Amino acid sequence: MSVLVFVEGLHGEIKKSSLEAAFYGSQVAQSLGTTATAVAIGDVTEDALTKLGAQGISKVLFDADERLKQFVAEAYVKVIAKAVAQEGAKVLVFAHSNIGAAVGSRLAVRLNGSLATNVTSLPKTDGGSFVVTRSVFSGKAFADVNLYAEVKIIAVQKNSFELTSQEGNTASVERFSAEVSDADFGAAPKETVLLDTGGSVPLQEAEIVVSGGRGLKGPENWHLVEDLAKALGAATACSKPVSDMDWRPHHEHVGQTGITVSPNLYIAIGISGAIQHLAGVNSSKVIVVINKDAEAPFFKAADYGIVGDAFEVVPKLIEAAKALDK
Amino acid sequence: MKILVCISNVPDTTSKINFTGDNKEFDKNGVQFVINPWDEYALTRAIELKEAKGGSVTVLNVGEADAEPNIRKALAIGADDAIRVNAHPKDAFFVAAQIAAVAKDGGYDMILMGRESIDYNGFQVHNMVGEMLGIPSVTPAFKLDMVDDSTARLEKEIEGGKEVVEVKLPFVASAQQPMCEPRIPNMRGIMTARTKPLKVVEPAGGEAKSEYVSFSKPEKKGGVRMIDADNAAELISLLRNEAKVL
Ligand SMILES: Cc1cc2nc3c(=O)[nH]c(=O)nc-3n(C[C@H](O)[C@H](O)[C@H](O)COP(=O)(O)OP(=O)(O)OC[C@H]3O[C@@H](n4cnc5c(N)ncnc54)[C@H](O)[C@@H]3O)c2cc1C
């Protein structure tokens, strides 16, 4: 029943969501009385991979083919499928990212396996069943799903597990090759454009998110959101009308029809808290709401609230945040 | 160009979500069903491409008869005909198998759908269909144009950026905004939709690989702690010392 974790890299480092998947995988392995191996692909260094030891991974298979630095589902699936066969893995763990979900879905078909995405719990394995909890209805509910095929594939929701790193433990990295050929890269991207996030983390990986709504009146006021985010080391986001009006780019829009986020802290400024907005943010651990309307529905979902004008309140927050010793 | 658009029938975005029978089933009582909002982007873009290049748009739903009003709505928006695979959509694997079975001999140039459904949020079906048919899947895409008669150019979201991909037909893609402005049906569309063909077919095998055993709702929050606007800076110290998130 060995466990295999798929690890994504970016700019030489392991993505945080992949560290979470590694930690999850090692926990599953422990409960099944086996070990967790990782298979790493992409833009990551061997040095970074040894750090997977801190998440309970002892061995990493690394296909360092240069072409794999770009994500192409068909090629990635080939590499992982080979690792699955080599390790005899029956449980595969991925991060629920665009890449993780894509390769997970294709592998489910290839290996005739059961797949659950958006998973928020470790599996319950009593009585021969293998049940995981996943977030459904855009975060408005959870479902327990029994994965009954022989191979079980799990894509773990970001930020749903606290990493308890065992610093000092290192993983051994083994070179591994699935002998991908040019034919596996038929759908290779022509061009990859990484967004300039001004040095801050991408929204999906962020632990803190500062978000603005129509209450900010116009794009010229966005420095309030940006400055607070900068002071807190946070990513920025917005409500749907804000991106529909082109005040902010679409990839910042969170909610039921936007990005789903589950950071440790979500700060909503001038956002009413419509049900479609809440759907994408309500699994955040702590929610702060700043709104001048005391009746705004968002206060019902909040942990901390300030009734006040954003133009007066936010500058005070920026100042206090800047004064924090990091 | 022959395009297949897959739509799912989901609870309206404002629905309160409840469960019945020991939390084993979704409670449809009083819930309005709509075309999955993300599928509307796929549908509208398909119709735009048809209008520009000719061809046809077929709508496909894997679901029971109660989905037909929304299938008719898709026809009213501008699809030419529809297929309903008469089955309860058990899980993503099952649904993907039905779509692949319909697509296999249909000669479609592209298969479009939304990035995920707002009920089960699987984010799986497009890639599964791509694998089942042995063709590329580009997802989630927010731009789709034709380069020439046999190649499409798509822009897709990656974490922290975007990728531009050119693929040969046929392929599968999933859609999200801002691919296009979803359309609403007009009177003429609604009238003509009534006479457009809606074919009902039985499922083509394909088993599910997972089973939903129970549902639950998130725990209610403990209530909000209000901070005086004049004292706003206190929030930052509470977030550090009490909530421990800074
Ligand atoms: C199918 C569908 C899908 C949708 N999907 C999404 C989604 O994914 N994400 C999403 O966000 N929305 C979504 N929506 C839209 C959603 O219903 C709301 O319209 C939207 O969230 C409202 O955005 P808002 O709160 O920024 O704006 P508003 O509703 O206009 O609220 C602005 C708020 O700002 C406050 N305000 C004004 N001035 C100030 C000030 N000076 N200081 C402080 N507060 C101030 C106001 O009191 C008000 O509460 C969807 C809608 C539909 C129909």
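Residues numbered from 1 in each chain as written. Chains lettered and ligands numbered in written order. Predicted model: local features only at pLDDT ≥ 70, side-chain atom pairs only at ≥ 80, totals over all residues. Heavy atoms only, no water.

Focus: the sheet that holds strand 13 (residues 265-269) of chain A
With parallel pairing, the 6 strands of this open sheet are ordered in space as 12(A)-11(A)-13(A)-14(A)-15(A)-15(B). Pairing within the sheet leaves two strands with one partner each, and these edge strands are strand 12 (235-238) of chain A together with strand 15 (225-226) of chain B. Bridge analysis of strand 11 (residues 208-212) of chain A against strand 12 of chain A gives 4 bridges, and the strand direction is parallel. Within strand 12 of chain A, the position partnered with V210 of chain A by the bridge is T236 of chain A. Contacts between helix 6 (residues 233-241) of chain B and the sheet are confined to strand 13, strand 14 (286-291) and strand 15 (304-307) of chain A together with strand 15 of chain B, with strand 15 of chain A contributing the most and set at about 180° to the helix. (Pairing = 2+ DSSP bridges. Helix = DSSP H or I, 4+ residues; strand = E, 2+ residues; numbered from the N terminus. Contact = heavy atoms within 4.5 Å. Axes fitted to C-alpha atoms, helices over the stretch in contact; angles between N-to-C directions.)

Concerning the pattern of salt bridges
When the charged atoms of two side chains with opposite charge come close together, those side chains can pair. Tallying each qualifying case throughout the model produces 33 salt bridges over all chains. Its salt-bridge partner being K209 of chain B, residue E207 of chain B comes within 3.4 Å of it at the nearest N-O pair. Relative accessible area serves as the criterion here: at 55%, E207 of chain B is assigned to the exposed category. Residue K209 of chain B is classed as buried on the basis of its relative accessible area, which comes to 6%. Each of the salt bridges in this network shares a partner with another, and the network as a whole consists of E74, R106 and R110 of chain A together with E131 of chain B. (Salt bridge = Lys/Arg side-chain N within 4 Å of Asp/Glu carboxyl O. Buried < 20%, exposed > 50% of the residue type's maximum accessible area, 1.4 Å probe, protein only.)

Things to note about the site of the ligand
Around the ligand lies a shell of 27 residues, among which S239, S272, Q276, H277 and N291 of chain A are the nearest. Chains contributing residues near the ligand are chains A and B. At 2.8 Å, a side-chain N or O of T257 of chain A approaches a nitrogen atom of the ligand. In this structure, a nitrogen atom belonging to the ligand sits 2.8 Å away from a main-chain N or O atom of A310 of chain A. In the complex, the protein chains occlude 78% of the 980 Å² of accessible area that the ligand would expose alone. (Near = heavy atom within 4 Å. Polar contact = N/O pair within 3.5 Å; in protein donor to acceptor, adjacent residues only side chain to side chain. Areas by Shrake-Rupley, 256 points an atom, 1.4 Å probe, with all protein chains shown as cover.)

Things to note about the packing of helix 5 (residues 223-232) of chain A against helix 8 (residues 310-322) of chain A
All names here are of chain A. As a packed pair, helix 5 and helix 8 sit with axes 9 Å apart at the nearest point and diverge in direction by 20°. Comparing their axes, helix 8 and helix 5 come out roughly parallel. The handedness of the crossing between helix 5 and helix 8 comes out as left-handed. Between helix 5, through L224, D227, L228, A231 and L232, and helix 8, the contact on the second element is made entirely by A310, F311, V314, P315, L317, I318, A321 and K322. (Parallel < 35°, antiparallel > 145°, perpendicular 65-115°, else oblique. Left-handed = near helix turned anticlockwise from the far one by under 90°.)

Examining the sheet that holds strand 6 (residues 56-63) of chain B
Strand order in the open sheet formed by 10 strands is 10(A)-11(B)-10(B)-9(B)-12(B)-8(B)-1(B)-6(B)-7(B)-13(B), with mixed pairing between adjacent strands. Looking at the sheet topology across the chains shown, the edges are occupied by strand 10 (189-194) of chain A together with strand 13 (198-201) of chain B. Along the sheet, successive strands turn relative to each other by an average axial angle of 25°, direction set aside. As paired strands, strand 10 (residues 151-158) of chain B and strand 11 (residues 161-168) of chain B are joined by 8 bridges and run antiparallel to one another. Paired with A152 of chain B across the bridge in strand 11 of chain B is V167 of chain B.

Focus on helix 5 of chain A
Residues and elements named next belong to chain A. Taken residue by residue, helix 5 has L224, V225, L228, A229, A231 and L232 as its buried positions. Axial view of helix 5: buried residues confined to an arc of 165°, hence all on one face. Next to the buried residues of helix 5 lie strand 11, strand 12, strand 13 and helix 8. (Arc of directions from axis to C-beta.)

The analysis is restricted to geometry; functional conclusions fall outside its scope.
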